Amino acid sequence: MTERELEVLQLIVDGHSNDGIAQNLYISTGTVKTHVRNILKKLCARGYANALRQ
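No experiment lies behind these values; they were computed from the predicted model shown.

Enquirer: Explain the pattern of salt bridges to me, please; I cannot follow it from the model alone.
Expert: Between side chains of opposite charge, a pair can form when the charged atoms approach closely. This structure, assessed with the given rule, holds two salt bridges. The closest approach of N and O atoms between Glu 7 and Arg 4, which form a salt bridge, is 2.8 Å. With Glu 7 and Arg 4 both in helix α1 (residues 3-13) and three residues apart, this pair spans about one turn of that helix. Here Glu 5 makes a salt bridge to Lys 42, at a shortest N to O gap of 2.8 Å. Of the two residues, Glu 5 is situated in helix α1 and Lys 42 in helix α3 (residues 29-42); the sequence distance between them amounts to 37 residues.

Here it is as structure tokens:
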């Protein structure tokens, strides 16, 4: 996983919304969604809950 994807994942774990992550990292919500999609693919997960369990 990239460093940015790990940052996004940590913010998800911390309970931030996509909008909150975008504000925290100074990126667009669309970019956050792209990172989340990539994270889920790399974890072979079907959603946030499955990703967090892994």
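Enquirer: Looking at this structure, I do not really get unusual backbone geometry. What am I missing?
Expert: In most cases, non-glycine residues show a negative phi, while peptide bonds are predominantly trans. Even without being glycine, Tyr 26 reaches a positive phi, approximately 60°. Inspection of the secondary structure assignment puts Tyr 26 in the loop between α2 (18-25) and α3. Using a relative accessible area of 77% as the deciding quantity, one classes Tyr 26 as exposed.

Enquirer: Can you walk me through α1 in this structure?
Expert: Since there are 3.6 residues in each turn of an α-helix, residues three or four apart along the chain are aligned in direction. Taken together, the buried positions of α1 are Glu 5, Val 8, Leu 9, Leu 11 and Ile 12. The arc that holds the buried residues of α1, viewed along the axis, is 160°, so those residues lie on one side. Facing away from the buried side of α1, by more than 90 degrees, are the exposed residues Glu 3 and Val 13. Phi turns positive, to about 95°, at Gly 15, one or two residues after α1.

Criteria and thresholds
- Residues numbered from 1 in each chain as written.
- Predicted model: local features only at pLDDT ≥ 70, side-chain atom pairs only at ≥ 80, totals over all residues.
- Heavy atoms only, no water.
- Salt bridge = Lys/Arg side-chain N within 4 Å of Asp/Glu carboxyl O.
- Helix = DSSP H or I, 4+ residues; strand = E, 2+ residues; numbered from the N terminus.
- Buried < 20%, exposed > 50% of the residue type's maximum accessible area, 1.4 Å probe, protein only.
- Arc of directions from axis to C-beta.

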